[in-house]
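Descriptive structure summary
The lines below spell out each chain.
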Amino acid sequence: MSGELENKKLIKKIVWASTRSSMEVDNYKHNKSGKKSKSYWSLFSSLVHYFAFILKVFNLYNKGLKNAKNIIINKIELKYKNLPENFDNYTILHLSDLHTDSIKELEDIIINKIKNLNVDVCFITGDFRKDITGSIKNIIKITKKITSNINAKDGIYAVLGNHDTYLMTDYEEELKLKFLINESVSINRGKDKITVTGTDDPYRYYTAQAKEALEKDIKGFKIALVHTSELHETAAKNNYNLYLCGHTHGGQICLPGGTPVITHQFDGKKFFKGLWKHLNMIGYTSSGCGVSGIPLRFYSQGEITIFTLKKI
Ligand SMILES: [Fe+2]
C-alpha cells in the first residue's frame with residue numbers, strides 16, 4: 001500500500017473513531033433517517049430483570065437458560081448464476097451476536113461447535129459483548145479464544161454491533177481478525193474475486209459513511225456485512241448479492257410459534273430472522289449465538305450458520 005493511501009486510511013479511521021466515541025457517550029440512538037432517539041437501555045434492563053424474577057417464580061428461568069445454551073449449526077446452500085467460477089462451493093462461517101459473556105458456559109459451547117470446522121472465510125456481524133458500556137478487557141480475552149479456534153482459509157472479517165465499542169478495533173492483531181468499518185476488501189481466488197463490504201452498526205451508530213460504503217461503484221459478486229438488516233435497501237439497489245446480519249437474536253423471547261415480542265429494529269419485524277430476499281439480493285438475519293438483557297431464550301434458536309455458495 002502506498003504511503004499516501006495508508007495516510008488517507010488512517011485519517012478516515014481517526015475521524016470515524018472520534019465520531020463513534022462521542023456517539024457512544026451521548027445515550028442516543030442515531031438511525032438512518034438522521035433522527036436521534038433516546039436510548040432506554042437501562043430502563044429496558046431493569047424491566048427484563050423484573051421479568052426474570054417472575055420467570056423464576058414460575059420455574060421457567062432454568063428452561064429458558066437451557067434453551068439459550070442450545071446452539072445449533074445451521075447449514076444453508078445459496079445458489080447464484082453470477083458467482084465467479086472459483087468461488088463455487090465456497091464456505092462461509094457466519095457468527096453473530098456472540099455476547100460471549102452473557103452466559104458462563106457460552107464460550108466453551110461455541111468453541112466446541114466451531115473448533116473442528118474448516119471453512120473458506122468467517123464473518124462476524126457484531127455484538128461481541130453483553131453490556132453496552134464498561135471495560136473490554138474480558139471480552140477481548142474471550143473473543144481471542146474464540147477466534148483462535150476458527151479455521152478459515154481466507155481469514156475472519158467482522159463488523160461492530162450496537163453493544164460494541166470503537167476501542168475493539170485496536171485489537172485486530174490480537175484477535176486475528178479484520179474489522180470492516182465502512183470499507184470493502186477483495187477476496188481473490190485465481191483469476192476471480194469477490195468483494196466484502198462491512199459497515200458500522202446502523203441501529204445506534206449510523207453515519208452517512210455506512211451508506212456511502214455500500215454505494216461505491218464496485219463490480220462483480222458482492223457481500224455486505226452489517227449488524228442489522230436496516231441497510232438492505234441501499235445494498236440491494238447497489239447490486240449486492242448477499243447481505244449478512246444479526247442483531248435481533250431471532251426475537252430471543254418469543255411467543256409460541258416464534259412471534260417476537262421485541263426485535264430492537266426500527267423496521268419492526270421485517271427481516272427479523274432467517275433467509276429473506278429483497279430485489280435480487282439474498283439476505284440472512286442470524287438468530288445469533290448469545291443473548292442480551294436476560295440470559296434466556298423462548299421459542300427462538302441460537303445458531304452458528306455455515307453457508308455454501310453454489311454456482312448454477
Ligand atoms: Fe445482539
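Let me sum up the structure you'll find in this document. For clarity, every value in this text was computed on a predicted model and none was experimentally measured.

**Regarding the sheet that holds strand 16 (residues 274-278)**
Read from one edge to the other, the open sheet built from 6 strands follows the order 10-11-12-13-17-16, with strand pairing classed as mixed. The sheet is open, and its two edges are formed by strand 10 (183-189) and strand 16, each paired on a single side. Direction aside, the axes of adjacent strands within the sheet are offset by 20° on average. The pairing of strand 11 (residues 192-198) with strand 12 (residues 222-225) spans 4 bridges and is classified as parallel. Residue pairing across strands places Thr 197 opposite Ala 224, the latter belonging to strand 12.

**Details of the coordination of the iron ion**
On the protein side, the iron ion has Asp 97 (OD), His 99 (NE2), Asp 127 (OD) and His 249 (NE2) as donor atoms, found 2.1 to 2.2 Å from it. Note that the iron ion binds 4 donor atoms; their angles at the metal cover 88 to 171°, and the shape is irregular. Considered as a linear motif, the donors of the iron ion on their single chain read D-x1-H-x27-D-x121-H. Of the two residues, His 99 sits in the loop between strand 4 (90-95) and helix 4 (106-114) while Asp 127 sits in the loop between strand 6 (121-125) and helix 5 (137-147), which places them 28 residues apart along the sequence. The exposure class of His 99 is buried, given its relative accessible area of 0%. For Asp 127, a relative accessible area of 1% puts it in the buried group.

**Here we look at the packing of aromatic side chains**
Using the criterion set out here, one finds 7 aromatic pairs in the structure. The interplanar angle of 90° and the centroid separation of 4.8 Å between the aromatic rings of Tyr 80 and Phe 221 together place this pair among those described as edge-to-face. With Tyr 80 in strand 3 (residues 71-80) and Phe 221 in the loop between helix 7 (208-215) and strand 12, this residue pair connects regions lying 141 residues apart in the sequence. Looking at Tyr 80, the relative accessible area reads 5%, which means it is buried. A connected cluster of aromatic rings, assembled from ring pairs, spans Tyr 243, Phe 271 and Trp 276. The ring of Tyr 205 has Arg 20 sitting right over it, with the charged end atom 3.6 Å from the ring centre.

Conventions and cut-offs
- Residues numbered from 1 in each chain as written.
- Predicted model: local features only at pLDDT ≥ 70, side-chain atom pairs only at ≥ 80, totals over all residues.
- Heavy atoms only, no water.
- Pairing = 2+ DSSP bridges.
- Helix = DSSP H or I, 4+ residues; strand = E, 2+ residues; numbered from the N terminus.
- Axes fitted to C-alpha atoms, helices over the stretch in contact; angles between N-to-C directions.
- Donors = N, O, S within 2.8 Å, 3.2 Å for Na, K, Ca; no water.
- Tetrahedral: all angles 85-135°; square planar, octahedral: opposite > 155°, others 65-115°.
- Buried < 20%, exposed > 50% of the residue type's maximum accessible area, 1.4 Å probe, protein only.
- Phe/Tyr/Trp six-rings, centres within 6.5 Å; stacked < 30°, edge-to-face > 60°.
- Lys NZ or Arg CZ within 6 Å of the ring centre and 35° of its normal.

What is shown is where atoms sit, not what they do.
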